[in-house]
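Single-letter residue listing:
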Amino acid sequence: WRSAEDGNWKVVYFDCNRYGLLHSLQREKEDPHLSVVSVHGNSRELIPHLDQGIPGPAIRWATLSPQERKDVQECKGRPYHLFFSGNMRSATRKDLRQFHNGKTVWIGESWEMQSWTGMDDPYLAMAAKSSFAAIVSGSGPGSSASRLVEMMSMGAIPVILADDWVLPFRTIVNWSDIAILVPELFVDDTMELISNVTAEKQCEMRRAVLSVYDKYFRSGDGIVSGLIEGLESVATNRTTVS
C-alpha cells in the first residue's frame with residue numbers, strides 16, 4: 001500500500017454481494033481515496049462522484065443471429081411490445097402484471113411462459129421478439145442486474161423500474177438515451193410511457209442498446225474497458241469538484 005500521506009493513492013473495492021453493499025463499507029463520510037465498484041449497490045450506499053456500478057453476469061447466454069441484428073439496424077418491428085418473465089413476489093412486479101394480455105404484452109412467471117409457448121426455455125426467444133423488456137426490482141435494488149444484460153443482448157429496450165439501483169457505468173452511459181426509466185411509484189403509467197415512444201425513436205434506441213451492449217457488456221474486455229473509463233470519469237469529476 002502507498003502511504004496514507006500520499007494524496008494520490010487510491011483503493012478500488014469490488015463488491016459482488018447480492019443484497020447490497022457490505023456493512024463494513026458503509027461509510028459515514030466520503031473517503032476520496034476509496035471507490036467501490038458494485039453490481040448490486042444502491043443509491044443509499046454508493047456515492048455518485050466516487051463509486052461505480054458494473055453489469056451483472058448473464059445467467060442465460062445467447063446472441064442475436066446476423067439476420068436479427070440486421071432487423072434491428074433496419075428498424076424491423078417485433079410482435080411483442082413489452083416482456084417480463086420472473087417471480088411476481090414484489091409489489092412493483094405484481095402491479096406490472098395488470099398489462100399482461102398474452103398477445104402483445106407478456107408479463108408473468110417463468111413456468112407460465114413455458115406452459116404457454118411449449119418451449120423448455122423461451123426466455124431469450126421472447127426477449128428477441130419484444131421491443132421493450134421490463135427490468136423490475138425484486139429482492140434488492142440490483143436483483144435484476146443479470147436480466148438487464150440479457151435483455152440488452154437481445155436488442156430489447158430496457159424499461160427500468162428499480163428506484164435505488166445504481167446502473168452500470170452510469171458516468172459514461174447515458175441511460176435515458178437507451179432505456180425508459182420509470183419510478184416504481186408510477187408503475188401504472190408504464191404502458192403509456194412506452195406507447196409515447198415513436199417508431200423512429202424506438203429504432204434509434206434499439207440500435208443504441210446493441211451498440212452499448214457490444215462495447216461494454218458483451219465481453220470481459222468490454223466490461224474492464226467500461227470499468228476503467230468509468231473510474232477515470234469519476235476521478236476527473238472528483239478532481240474538478242475538489
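Residues numbered from 1 in each chain as written. Predicted model: local features only at pLDDT ≥ 70, side-chain atom pairs only at ≥ 80, totals over all residues. Heavy atoms only, no water.

A look at the overall build of the chain
What counts is decided by this rule: Starting at the N terminus, helices and strands are each numbered in turn, a helix being any DSSP run of H or I of at least four residues and a strand any DSSP run of E of at least two. Between two residues, a contact is recorded if the distance between any of their heavy atoms is within 4.5 Å. Only the protein chains shown count as cover for residues, and all accessible areas are computed by the Shrake-Rupley method using a 1.4 Å probe.
If you tally the helices and strands in the chain, you get nine helices and eight strands. Put simply, 63% of the contacts in the chain that link residues at least 6 apart link residues at least 24 apart. For the chain, the accessible surface area stands at approximately 12,100 Å², while carbon and sulfur atoms represent 52% of it.

Describing the nonpolar core
Where we set the bar: Think of a nonpolar core as a cluster: buried Ala, Val, Leu, Ile, Met, Phe, Trp, Tyr and Cys residues, connected wherever their side-chain atoms sit within 4.5 Å. Exposure categories follow from relative accessible area, calculated using a 1.4 Å probe and restricted to protein chains: below 20% of the type maximum is buried, above 50% is exposed, and the middle band is partly exposed.
Core analysis: the largest hydrophobic core is formed by 41 residues, its most contacted members being Phe83, Met151, Met152, Ile160, Trp165, Trp175 and Phe217. Among the secondary structure elements, those contributing two or more residues to this core are β4 (80-85), α4 (123-127), β6 (130-136), α5 (145-153), α6 (175-178), α8 (199-217) and α9 (220-241). With six residues, α8 is the largest single contributor of residues to this core. The contact partners of Trp175, leaving out residues within four places of it in the chain, are Leu148, Met152, Ile160, Leu167, Pro168, Phe169, Arg170 and Phe217. One finds Phe99, Ile157, Val187 and Met191 within the second-largest nonpolar core, a separate group that totals 20 residues.

Looking at the packing of helix α1 (residues 66-73) against α8
Spelled out, the test is: Here the axes come from fitting lines to C-alpha atoms, over the contacting stretch only for helices, and the angles between their N-to-C directions go from 0 to 180 degrees. Geometric relationships in this document are graded by angle, where less than 35 degrees denotes roughly parallel, more than 145 denotes roughly antiparallel, 65 to 115 denotes roughly perpendicular, and other angles denote oblique.
Their axes nearest at 8 Å, the elements α1 and α8 cross at an angle of 130°. Considered as vectors, α1 and α8 are oriented oblique to each other. Here Arg69, Val72 and Gln73 of α1 come into contact with α8, specifically with Cys203, Arg206, Arg207, Leu210 and Asp214.

Structural notes on the pattern of salt bridges
Filter applied, for reference: Every case where a carboxyl oxygen of Asp or Glu lies within 4 Å of a side-chain nitrogen of Lys or Arg is listed as a salt bridge.
Inspection of the entire model under this criterion finds seven salt bridges. In this structure, Arg69 engages Asp214 in a salt bridge whose closest nitrogen and oxygen atoms are separated by 2.8 Å. Taken together, the residues Arg69 in helix α1 and Asp214 in helix α8 connect sequence positions 145 residues apart. Note on Arg69: relative accessible area 22%, which makes it partly exposed. For Glu74, the salt bridge goes to Lys70, with nearest N and O atoms at 4.0 Å. The class of Glu74 is partly exposed, set by a relative accessible area of 41%.

Some words on the environment of Ile180
By the element assignment, Ile180 lies in strand β8 (residues 180-181). When the C-alpha atoms of Ile180 and Ala134 are compared, they prove to be 9.2 Å apart, with 46 residues separating the residues in sequence. Once you skip the residues sitting within four places of it in the chain, Ile180 turns out to touch Phe132, Pro158, Val159, Ile160, Ile194, Val197 and Met205.

Some thoughts on the sheet that holds β8
In a beta sheet, neighbouring strands are held together by backbone hydrogen bonds and run either parallel or antiparallel to one another. In plain terms, the rule: Strand pairing is defined by DSSP finding a minimum of two bridges between the two strands.
Taken together, five strands build an open sheet; the order of strands is β5-β4-β6-β7-β8 and the sheet is parallel. Looking at the sheet topology across the chains shown, the edges are occupied by β5 (105-108) and β8. The sheet contact formed by β6 and strand β7 (residues 157-161) spans five bridges and is parallel. Looking at the pairing, Ala134 lines up with Val159 of β7.

With respect to the environment of Gly56
Along the chain, Gly56 falls in the loop between β3 (52-53) and α1. Note: C-alpha distance between Gly56 and Val39 (17 residues apart in sequence) is 5.7 Å. When sequence neighbours within four positions are dropped, the list of residues in contact with Gly56 reads Val39, Ala145, Ser146 and Val149.

As for unusual backbone geometry
Although it is not a glycine, Cys75 adopts a positive phi angle of roughly 65°. Take Cys75: its relative accessible area is 37%, and that puts it in the partly exposed class. With a phi angle near 50°, Phe169 is a residue other than glycine that sits in the positive phi range. Note on placement: Phe169 falls in the loop between β7 and α6. By relative accessible area, which is 0% here, Phe169 ends up buried.

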